[in-house]
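Residue-level structural notes
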Amino acid sequence: MIVAKRKPLEQIEGFLEGAERVLVVGCGTCVAVCMAGGEKEVEILAEQLRMRAKLAGRRQQIDEVTVTRQCDREYFAPLAACVDQYDLLLSTACGAGVQFLAERFDHKPVLPALNTLFIGVAEGPGVWSQRCTACADCILDQTGGICPMTMCAKNLLNGPCGGTNHGKCEVDGTKDCAWTLIYRRLEKLGRLDLLKKIQLPKDYSVATKPARFTHEAFQKAENQEP
Amino acid sequence: MLGPLGGPCSAAQGCDAPKTRSSQREDQNPLRNKTVALKREREYSKAEEYSQPAFSIFNRTTDELEEGRPVNDTQASHAAHGAGHELETGKAYEPKVVAYCCTYCAYTAADLAGSMRLSYSPQVRIIKTLCTGKIDALLLLKAFEEGADAVFVAGCNIGDCHFLEGNLRAIQVVAHAKHLLAEIGLEPERLEFFHIPASAGPLFAQRANQMVERAMALGPNPLRFSAHEKYGKKLQREPDSHPALPPARFGRLVTEAEREKGATPVRTPEGTIPGA
């Protein structure tokens, strides 16, 4: 899941300067789960902006709507009917959703209300942590299901380094050393032999930006298109 | 004056109920007339006494009670704050305080306060909720947008929640909502969470008066004047429409009745399929 965090209200309010009619567009998928830009959060944000506008004595119409996903074109269809009424769209999706919305309605300014943080998991209520950097070449089979590319500050493939300090990282003493975690996990699984294998340098060319991917089942169809 | 909770209503208005039957007989017996008049006078004077929230001990905040300040000081400060806030219409400022009360504890406590004939400020509007865990930040923000001067959420003591942890959730939600209010530019002190057990009628009255006093001290909610102006809404969205599935080319669904020869007919919503 993509984890995001709402921008400070002052910054968002700054975006809306001069706009009389604003539509806040929520996204009901990842950012709804991480309580940043789903239906409820959009309602709260719109409510806050309305109250700010009233306090400042501005007549600003702020409406809100939440679509199922902002990273699929199909879900923008219902918005097409009403977008022209607004001066500005404020998207509470991740960076991908904001760009896709801006691409679909390229005649309107589309502005981000969130800062996209990482791909992560929910550790507990209201707490998320990063687990994946989308390196496009997964090695979790070798490391007992713990990703050194994400969890290790130095991205070491053959760890640990000399800086591990009682299970903590020398870069940030509050964080666990990924390679200590990997050792403990492999010990538990009885697969410490995996640590003896030297990992070859990673092929970073597969993770060049901007990445694009076509599913095999659709490759033929895509090639046939005029 | 509050209706369902009885306390301030019945005490302060002197109760209209006794008038009905006695008023029919009033002309017949002069002696009885005099007795009734005296009794009513006594009732009214008693009611007036009760209807002065400033005289009540429950009007004082916990801090004041601890300091042992005389009751009249509270009354004086009450009046002083009130005089400072004149509304645009020229009417004196009367705060609107919304209380979201848990039905199992705080609402029962409010009921008890009424049964005990405790006087508390009539500016408190009580909203019963099944559990304070249901309350979310949006609900609290809406109350302020609609012009509430102060809002409090009253839930069970820690460990007493009927739904185990609803009150713990409410504490977090109220803390979050305070942060949201501060972002908007409203005083977070306008919002508070209180633990009020069901047996604590006097505590409810005290907390209610405390919030009214706080609303008096903070002055009117700046959004009060624009409470009825709506500058936006939630758009109604149709459920997602999916394209129709293309007709199957390599087969079709076969019902159980068709598969087994001589099987008994099967009833489906479309009709009866005979055994093929």
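Residues numbered from 1 in each chain as written. Chains lettered and ligands numbered in written order. Predicted model: local features only at pLDDT ≥ 70, side-chain atom pairs only at ≥ 80, totals over all residues. Heavy atoms only, no water.

Helix and strand counts for chain B stand at 10 helices and six strands. Across the 276 residues in chain B, those meeting the buried criterion constitute 39%. In chain B, 71% of the contacts between residues at least 6 apart in sequence involve partners at least 24 apart. Here chain B displays about 16,200 Å² of accessible surface, and carbon together with sulfur accounts for 55% of that area. (Helix = DSSP H or I, 4+ residues; strand = E, 2+ residues; numbered from the N terminus. Buried < 20%, exposed > 50% of the residue type's maximum accessible area, 1.4 Å probe, protein only. Contact = heavy atoms within 4.5 Å. Areas by Shrake-Rupley, 256 points an atom, 1.4 Å probe, with all protein chains shown as cover.)

Contact with chain A, which involves 29 residues of that partner, is made by 25 residues of chain B. Buried area between chain A and chain B, both sides added, is near 2,600 Å², and the carbon and sulfur share of it is 58%. Interface area lost by chain A to chain B is led by Met 51, Lys 54 and Leu 55 of chain A, which between them contribute 27%. For Glu 145 of chain B, the salt bridge is made with Lys 54 of chain A, and the minimal N-O distance between the two is 3.2 Å. Linking chain A with chain B are 18 residue pairs in polar contact (both at pLDDT 80 or more), by the criterion used here. (Buried area = accessible area lost by both parts, 1.4 Å probe. Salt bridge = Lys/Arg side-chain N within 4 Å of Asp/Glu carboxyl O. Polar contact = N/O pair within 3.5 Å; in protein donor to acceptor, adjacent residues only side chain to side chain.)

Right, let's talk about the nonpolar core for a bit. Residue and element names in this part refer to chain B. Among the nonpolar cores identified, the biggest contains 28 residues, and Val 97, Cys 101, Val 124, Phe 152, Ile 196 and Phe 204 are the most heavily contacted of them. In contact with Ile 196, not counting residues within four places along its chain, are Cys 105, Ala 106, Ala 109, Ala 154, Gly 155, Leu 203, Phe 204 and Arg 207. The next biggest cluster of nonpolar side chains, apart from the first, holds 25 residues, and it includes Ile 135, Leu 141, Ala 148 and Val 173. (Core = buried A, V, L, I, M, F, W, Y, C linked by side-chain atoms within 4.5 Å.)

Let us now look at the confidence of the model for chain B. Detailed conclusions should not be drawn from predicted coordinates in areas where pLDDT is low. Residues and elements named next belong to chain B. Averaged over chain B, the pLDDT score is 73; the fraction of residues at 70 or greater is 55%. Here residues 1-26 is a poorly scored stretch, pLDDT under 50, and it has 38 contacts once near neighbours within four places are set aside; other chains count. The ipTM assigned to the predicted complex is 0.86, against a pTM of 0.74. (pLDDT = per-residue confidence, 0-100.)

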